[in-house]
Amino acid sequence: MPEHARIRSLEEYHEAYRRSTETPEQFWAEVAEPFTWRRKWDSVMNSDMAAGHNDWFQGARLNITENCLDRHLSTRGNKLAIVYEPNDPHTRHLRLTYRELHQEVCRFANVLHNNGVEKGDRVCIYMPMIPQLAIAVLACARIGAIHSVIFAGFSANAIADRVNDAQATVVLTSDGLNRGAKQIPVKRVVDEALESCPSVRRVIVTEHLGWPVHMQEGRDVWYHEEAEGVAKTCPAEEMGAEDPLFILYTSGSTGKPKGVVHTTAGYMVWADYTFRNVFQIEENDIYWCTADIGWVTGHTYLLYGPLLAGATSLMFEGVPTYPSPGRFWEVIDKHSVTVFYTAPTAIRSLMAHDINHVLAYSLDSLRVLGSVGEPINEEAWHWYYTHIGKERCPIVDTWWQTETGGVMISALAGITPSVPARAGLPLPGVLPVLLNQDGSEIEGNDQEGYLAIKQSWPGIIRTTYGDHERARQTYFAPYPGYYFTGDGARRDENGLYRIIGRVDDVINVSGHRFGTAEIENAINQNSHVVESAVVGFPHDVKGQGIYAYVICPEGVPEAEVERQRIEASIIETIVAEIGRIAKPDKIQLVSGLPKTRSGKIMRRILRKVAEGDTTNLGDTTTLLDPLVVDEIISGRK
Ligand code: WT7
């Protein structure tokens, strides 16, 4: 494993941290040194936080896949790059060495070329968690096409929104996918989406389930037919440091999901540096990140980080509970996984099952455990630590965001403090601050405030696709000079950070991010709906659940069956607009919403009711109609 810029002790952490803040340019130049550069940079960091301009390694030329693949061939050509574990434990797993992966990526890149894809083109990818997905993503990067992976649980409408925003010309998909006991006709969803996507001229379909699919003449081609006889070498396109590498859509407090843009050099350096240091990766590790490549965690810590580091990354197609709640632990034993990275929601859902599902496996290979996506509650932390890590594996609770490209605040496994319910200390290069509402910095420990970042770092979001002003407004304008995270945090008496949760109208359901406005917009598409208000509420397994208050045109129907019919119809609309993952846990039909005289919905009250805390609703005197509150309380789900 590259020892370069590797932190091995607490003293080394403090030293690296000090240098990264005092002389960041020198620090990052040293970290970036050993990568394969076609040309080195003219300057390391150019940042104007207030304008939202952040350039890293300006002037450098490179291709990230040369760093993920070619660079390792002489020393790790026969080392496993990807181990694929399918949904069904009885189907054969698959392993790809670095040499094989290199060949497959080159071949796919040639197929893309042959289908007219060029540098800078946007390619949307809607595929199952199979090796071909990883290959497709890297193939885009190989030829300089900008990939935009769409999680294969989003609906046709959600795909269309993303494809149209990115103006993608090509879509990569498959015939179908497995998810636990279910099989989903992925190509059919894409077909439906593309009815409203005029920019798309080519769809390349990978065969996975062997299902018959409709192939549109002149638009759709099978990958295996296109790949026949195609060369397994492909020169890597030379990219500028700040050329976009990918777009990944994520929800914010307003409007439609935005396309977060990451670029080439800074993202690469950040992915590799954070991956090796947070997980303290060793040459023989079998590393498993359970996230889907459709989310940023899959981008940085299933694909790019591990491959940049020359590690072996396990890719799992299935779900934690299929065919049994012991599936994760079975996979760990089967492949001798040493580093395991998952989400608190998965841990909480598995905790609820008989402990014998865990005890049936040895889990002896494990060395490091990771958590990501939302705050991990103490109970889940202890269960993870005791039953999975057998009290010998440090837990890294990694706080970061789609926009940060990689981990920002976390323990470095076994090196910096790992305390339940604390993400811990910032990584080198990360300067977190706590801000007051007025934007002033809160000094000292044992303090709480808005979490912001004071200095640029290599993985920082560059823009939101096609709309830089939106990025500036969202992240850089709220507190000029800082990157605003949208999270609240506490710095404890030892200076460790504890993430409290979002301070904006973003909710985090099973580690998936939704804007309340986004769900409301979906609900409002339903003809039974006049207006709606969505809030999050604490949920034992999901972290937060979705609670929707909905006003119907004819008021609240008397009959229970009629109410159920409307609720079912609303759910159908949400599934069509966004996808099953945004299904509300509770829908309450109401005749009105608590509004101020100026017409603003008092979400604070709705949140309290959803939480079940109706004793202390605070000041309701400014409400237009205080009686609505009583109705809402009495009809609470
Ligand atoms: C939001 C970002 C980045 C990986 C997956 C989620 C929350 C994420 C933690 C953590 C507390 C966390 C924050 C953040 N979050 N990790 N370890 N502790 N909160 O990425 O979809 O961009 O969501 O997830 O609220 O702002 P994302």
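Here, every reference points to the structure presented above.
Residues numbered from 1 in each chain as written. Predicted model: local features only at pLDDT ≥ 70, side-chain atom pairs only at ≥ 80, totals over all residues. Heavy atoms only, no water.

Asks: Residue-level account of the packing of aromatic side chains, with values.
Replies: Here the structure, examined in full by the defined rule, presents 44 aromatic pairs. Aromatic pair phenylalanine 27 and tyrosine 273: ring centres 6.0 Å apart, planes at 85°, arrangement edge-to-face. Placement of the pair is phenylalanine 27 in helix H2 (residues 24-32) and tyrosine 273 in helix H9 (residues 265-279), with a sequence separation of 246 residues. A residue is classified by how much of its surface remains accessible, and tyrosine 273, at 1% relative accessible area, is buried. Ring plane angle 85° and centroid distance 6.0 Å describe the contact between phenylalanine 537 and tyrosine 547, whose orientation is recorded as edge-to-face. Here phenylalanine 537 is found in strand E28 (residues 531-539), whereas its partner tyrosine 547 is found in strand E29 (residues 543-551), with ten residues between them in sequence. (Phe/Tyr/Trp six-rings, centres within 6.5 Å; stacked < 30°, edge-to-face > 60°. Helix = DSSP H or I, 4+ residues; strand = E, 2+ residues; numbered from the N terminus. Buried < 20%, exposed > 50% of the residue type's maximum accessible area, 1.4 Å probe, protein only.)

Asks: Describe the side chain of arginine 348, with residues and values.
Replies: Among the secondary structure elements, arginine 348 is positioned in helix H12 (residues 344-351). Those residues in contact with arginine 348 that sit more than four places away from it in its chain are Glu374, Pro375, Asn377, Ala380, Asp540, Val541, Lys542 and Gly543. (Contact = heavy atoms within 4.5 Å.)

Asks: If you had to explain the packing of helix H6 (residues 156-166) against helix H7 (residues 186-194) to someone new, which residues and values would you point to?
Replies: Interhelical geometry of H6 versus H7 gives an angle of 55° and a closest axis separation of 8 Å. Considering their axes alone, H6 and H7 lie oblique with respect to each other. Handedness of the crossing formed by H6 with H7: right-handed. Where H6 abuts H7, its residues Ala156, Ile159 and Ala160 lie against Val189, Glu192 and Ala193. Of the residues in the contact of H6 with H7, the class split is five nonpolar, no polar and one charged. (Axes fitted to C-alpha atoms, helices over the stretch in contact; angles between N-to-C directions. Parallel < 35°, antiparallel > 145°, perpendicular 65-115°, else oblique. Left-handed = near helix turned anticlockwise from the far one by under 90°. Nonpolar A, V, L, I, M, F, W, Y, C, P; charged D, E, K, R; others polar.)

Asks: Report on the site of the ligand, specifying residues and quantitative values.
Replies: The ligand sits among 17 residues. The nearest are Asp397, Thr398, Thr402, Asp487 and Arg513. Within the side chain of aspartate 487, one N or O atom sits 2.6 Å away from an oxygen atom of the ligand. Taking arginine 502, its side chain carries an N or O atom lying 2.8 Å from an oxygen atom of the ligand. In the complex, the protein chains occlude 95% of the 550 Å² of accessible area that the ligand would expose alone. When contributions to the shell around the ligand are tallied by element, the ones reaching two or more residues are helix H10 (296-309), strand E20 (395-398) and strand E25 (497-502). Residue composition of the shell around the ligand, by class: six nonpolar, six polar and five charged. (Near = heavy atom within 4 Å. Polar contact = N/O pair within 3.5 Å; in protein donor to acceptor, adjacent residues only side chain to side chain. Areas by Shrake-Rupley, 256 points an atom, 1.4 Å probe, with all protein chains shown as cover.)

Asks: Mind laying out the packing of helix H1 (residues 10-22) against H2, listing which residues take part and the relevant values?
Replies: Interhelical geometry of H1 versus H2 gives an angle of 120° and a closest axis separation of 5 Å. In terms of orientation, H1 and H2 fall into the oblique class. Within the contact between the two elements, H1 uses Ala16, Arg19, Ser20, Thr21 and Glu22 and H2 uses Pro24, Phe27 and Glu30. Split by residue class, the contact of H1 with H2 holds three nonpolar, two polar and three charged.

Asks: Lay out the pairing of strand E7 (residues 146-149) with the relevant residues and their values.
Replies: Along E7, one buried face is formed by Ile146 and Ser148 and the opposite face, lined by His147 and Val149, is buried too. Where strand E6 (residues 122-126) meets E7, four bridges bridge the pair, whose relative direction is parallel. Opposite isoleucine 125, over in E7, you have valine 149 as the bridge partner. Considered for its hand, the β-α-β crossover made up of E6, helix H5 (residues 131-143) and E7 is right-handed. (Pairing = 2+ DSSP bridges. Right-handed = clockwise from strand over helix to strand, strands pointing away.)

Asks: Before we move on, could you go through the sheet that holds strand E22 (residues 447-453) and cite the residues and values that matter?
Replies: Read across the open sheet, the four strands follow the order E21-E22-E24-E25; overall the sheet is antiparallel. The strands lining the two open edges of the sheet, one partner per strand, are strand E21 (432-435) and E25. Within this sheet the neighbouring strands show an average axis-to-axis angle of 45°, counted without direction.

Asks: Before we move on, could you go through H5 and cite the residues and values that matter?
Replies: Spacing of three or four residues puts side chains on the same side of an α-helix, whose turn is 3.6 residues. The terminal C-alpha atoms of H5 lie 19 Å apart, and with 13 residues this matches the ideal 18 Å at 1.5 Å per residue to within 8%. Among the 13 residues in H5, 13 count as buried, and that is most of the element. Of the residues one or two after H5, glycine 144 is the one with positive phi, at around 80°. (Expected span 1.5 Å × (residues − 1).)

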